[in-house]
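# Reading the structure
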Amino acid sequence: MATFASEYRVLSKNEKSNDMIELKNGLGFIFRRTRSQFAVVRYMRFDLEKREEDHFQSLMQLFLPYRADSDLKPEGFEMFSQFYKRGEVTFSDGSVHSVKSVVDENRAKFDVDCLDLERAREIVEQNGIDEEVWGELCPEQEVEHLECVEEMRQQQEGEKGDEQLMEAVENVPDLAVDNRQLTHLERNREIMPRSEGLALVRSLNETQMAVFYKVRQWCLQKVMAKNPEPMHVFVTGGAGTGKSHLIRAIQYEAGRLLSTLSHQPDGICGLLTTGIAAHSLNTATIHHTLSIGTHSSLPYTPLDEDKLNSLRAKFIHLQILIIDEISMVDHNLLTYVHGRLRQIKHTGDFSPFGNVSVIAVGDFYQLPAVKGKPLHNSHVGVDLWCRFSVVELKTIVR
């Protein structure tokens, strides 16, 4: 039974598989897991001294092949412990084996470091469970777990929505249609495929990878509710040093990790904008994205409630803002970005950029700001730019 529980899975009513096996008497379907996806089996462990019979019955149920309960305590044996210690079974090839040897051999496949695990269980029973430990030991696995939870939640919400839709349609005669005519509207997720994203990350050079992992570690801490301080990073470098390449990698990984923080399927946690339209990245300008307009003169003019509510609904889960072509952004515009994000995040204090992490990318030797003082000019009243740490890409990779 332990082998069956580990290697097979019961399919739900809505699940289908090309390799599914139909059970008799209309009891549903199962399918065999692949070797790399065998399940870990957890089972009740009865104390040998206090509940000896339950202990041996449980072991034989799990690790001894049998067809009927009577096979576990056949005629001539009054107790499960007796059959385990002195009983014999005959295999289909005619060979005879002791029950103990069969049970112990099969059990060894599942009980690995069982003494250490028993000790760990005792410690947990005495001291309780530290919920943060697993996330700290294996943050990548914790993220994968959170992604699975979110995917399951979305699937359940989708199924519930379909049921409600069907009920609504059936109650309105003019809308009653054949079930086959109902189509599912799936949202258009412009997310890079996993294989493409991994290939992109692997192609980063050493300096690019250092920036990538700095952002990735921040995202992992955010997902694990560590509340890290917001990042303010300026990535610069000459033409051909792979700035856009790095942006795409960061956007992919940040979007993948931070998506679990949004309660909405289409919630935006990572946002890419530019100081000027950039067709290579297929994104909008910072003016258009945050409704700043082309004239960002100080003092800062707050948005009215209608426009603000629209932006807040769209960007309330925003965690990272990437601004490409930062050389086109002057001090006034950066101040407006700071003000908009504070309004959107509803932060009462000064909190730079509403506690949103900002990654600025560009080269001040290329496109300068058309109007206003460039960011590298520090002789201004409010200097938000001084908060940014600088990373320079030097290797030509184009």
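See the structure above.
## Brief notes about the packing of aromatic side chains
- Counted under the stated rule, the structure contains 12 aromatic pairs.
- Measuring from centroid to centroid gives 4.8 Å for Phe-56 and Tyr-84, while their planes differ by 35°, and the two rings are tilted. Pair noted here: Phe-56 is in helix α2 (residues 52–63) and Tyr-84 is in helix α3 (residues 80–86), with a separation of 28 residues, a long-range link.
- For Phe-56, a relative accessible area of 6% gives the class buried.
- The positively charged end of Lys-73 is found above the aromatic ring belonging to Phe-80, 4.6 Å away from the centroid.

## Looking at the nonpolar core
- Cys-219, Val-235, Leu-246, Ile-250, Ile-320, Ile-322 and Ile-359 are the most contacted members of the largest nonpolar core, which has 30 residues in total.
- When residues of this core are traced back to their parent elements, those giving at least two are α8 (194–202), α9 (206–223), β6 (232–237), α10 (243–258), β8 (320–324) and β9 (357–362).
- Ignoring any residue separated from it by four or fewer positions in sequence, one finds Cys-219 in contact with Ala-254, Leu-257, Leu-258 and Ile-320.
- Core analysis: the next-biggest nonpolar cluster, separate from the first, contains 28 residues, Phe-234, Phe-315, Ile-323 and Phe-388 among them.

## Some details on the layout of surface pockets
- There is about 970 Å³ of room inside the second largest pocket.
- Every residue lining the second largest pocket is counted, 24 residues in all, and those nearest its centre are Tyr-43, Arg-45, Leu-117, Glu-118 and Arg-121.
- For the lining of the second largest pocket, the secondary structure elements donating two or more residues are α2 and α5 (114–127).
- It is α5 that provides the largest number of residues to the lining of the second largest pocket, a total of seven residues.
- Looking at side-chain class alone, the lining of the second largest pocket contains 13 nonpolar, two polar and nine charged residues.

## Observations concerning the environment of His-288
- Examined against the element boundaries, His-288 turns out to sit in helix α11 (residues 286–289).
- Sequence separation between His-288 and Thr-273 is 15 residues; the distance between their C-alpha atoms is 9.1 Å.

## Looking at empty space enclosed by the protein
- A full pass over the atoms with the stated rule returns one cavity of 30 Å³ or more.
- Approximately 30 Å³ is the volume attributed to the largest cavity.
- Residue lining of the largest cavity: Phe-212, Val-215, Arg-216, Cys-219, Ile-250, Glu-253 and Ala-254, and that is the complete set.
- Put simply, the parts of the chain that give the lining of the largest cavity at least two residues each are α9 and α10.
- Here the lining of the largest cavity is composed, by residue class, of five nonpolar, no polar and two charged.

## Quick look at the sheet that holds strand β1 (residues 8–10)
- The strand order across the open sheet formed by three strands is β1-β3-β2, and the pairing between neighbours is antiparallel. Of all strands in the sheet, those with a lone pairing partner are β1 and β2 (21–22), marking the two edges.
- Pairing between β2 and strand β3 (residues 29–32): two bridges, direction antiparallel. Bridge assignment links Glu-22 to a residue of β3, and that residue is Phe-29.

## Examining the side chain of Ser-327
- Here Ser-327 shows up in the loop between β8 and α13 (331–345).
- Discounting residues that sit within four places of it in the chain, Ser-327 has contacts with Asp-363, Phe-364, Leu-367, Pro-368 and Ala-369.

## Re the sheet that holds β9
- Within the open sheet, the five strands sit side by side as β7-β8-β9-β6-β10. Their pairing is parallel. Each edge of the open sheet carries a strand with a single partner, namely β7 (270–274) and β10 (389–393). When the angles between neighbouring strand axes are averaged without regard to direction, this sheet yields 20°.
- Both β6 and β10 contribute to a ladder of five bridges, which runs parallel. Within β10, the residue paired with Val-235 across the bridge is Val-391.

## Quick look at the pairing of β3
- As paired strands, β1 and β3 are joined by three bridges and run antiparallel to one another. Residue pairing in the sheet places Tyr-8 in a bridge with Arg-32 of β3.

## What to know about the packing of α2 against helix α4 (residues 99–108)
- Their axes nearest at 9 Å, the elements α2 and α4 cross at an angle of 70°. In this view, α2 runs roughly perpendicular relative to α4, as classed from their interaxial angle. Handedness of the crossing formed by α2 with α4: left-handed. Packed against α2, whose contacting residues are Leu-59, Met-60 and Phe-63, the element α4 presents Val-99, Val-102, Val-103, Asn-106 and Arg-107 at the interface.
- Of the residues belonging to the contact of α2 with α4, the class tally is six nonpolar, one polar and one charged.

## Structural notes on the packing of α8 against α10
- Axis separation between α8 and α10 bottoms out at 9 Å; the angle between their running directions is 130°. It follows that α8 is oblique to α10 by the angle criterion. Crossing hand, α8 versus α10: left-handed. Listed contacts from α10 to Arg-194, Glu-196, Gly-197, Leu-198 and Leu-200 of α8 are His-245, Arg-248, Ala-249, Tyr-252, Glu-253 and Arg-256.
- Considering only residue class, the contact of α8 with α10 consists of four nonpolar, two polar and five charged.

## Section: helix α12 (residues 305–315)
- Residues Leu-308, Leu-311 and Phe-315 constitute the buried set of α12. Down the axis of α12, the buried set is contained in an arc of 65°. They therefore lie on one face. Exposed side chains of α12 directed beyond 90 degrees from the buried face belong to Glu-305, Asp-306 and Ala-313.
- If you follow the buried residues of α12, they end up packed against β7, α11 and α13.
- Backbone nitrogen of Asp-306 and a side-chain oxygen of the N-cap are separated by 3.2 Å at the start of α12; the cap is Asp-304.

Rules behind the numbers
- Residues numbered from 1 in each chain as written.
- Predicted model: local features only at pLDDT ≥ 70, side-chain atom pairs only at ≥ 80, totals over all residues.
- Heavy atoms only, no water.
- Phe/Tyr/Trp six-rings, centres within 6.5 Å; stacked < 30°, edge-to-face > 60°.
- Helix = DSSP H or I, 4+ residues; strand = E, 2+ residues; numbered from the N terminus.
- Buried < 20%, exposed > 50% of the residue type's maximum accessible area, 1.4 Å probe, protein only.
- Lys NZ or Arg CZ within 6 Å of the ring centre and 35° of its normal.
- Core = buried A, V, L, I, M, F, W, Y, C linked by side-chain atoms within 4.5 Å.
- Contact = heavy atoms within 4.5 Å.
- 1 Å grid on protein atoms, 1.4 Å probe; cavity = no way out; pocket = protein on both sides within 12 Å on 5 of 7 lines; lining within 4 Å.
- Points joined across faces, edges and corners; volume = space filled by probe spheres on them.
- Nonpolar A, V, L, I, M, F, W, Y, C, P; charged D, E, K, R; others polar.
- Pairing = 2+ DSSP bridges.
- Axes fitted to C-alpha atoms, helices over the stretch in contact; angles between N-to-C directions.
- Parallel < 35°, antiparallel > 145°, perpendicular 65-115°, else oblique.
- Left-handed = near helix turned anticlockwise from the far one by under 90°.
- Arc of directions from axis to C-beta.
- Polar contact = N/O pair within 3.5 Å; in protein donor to acceptor, adjacent residues only side chain to side chain.

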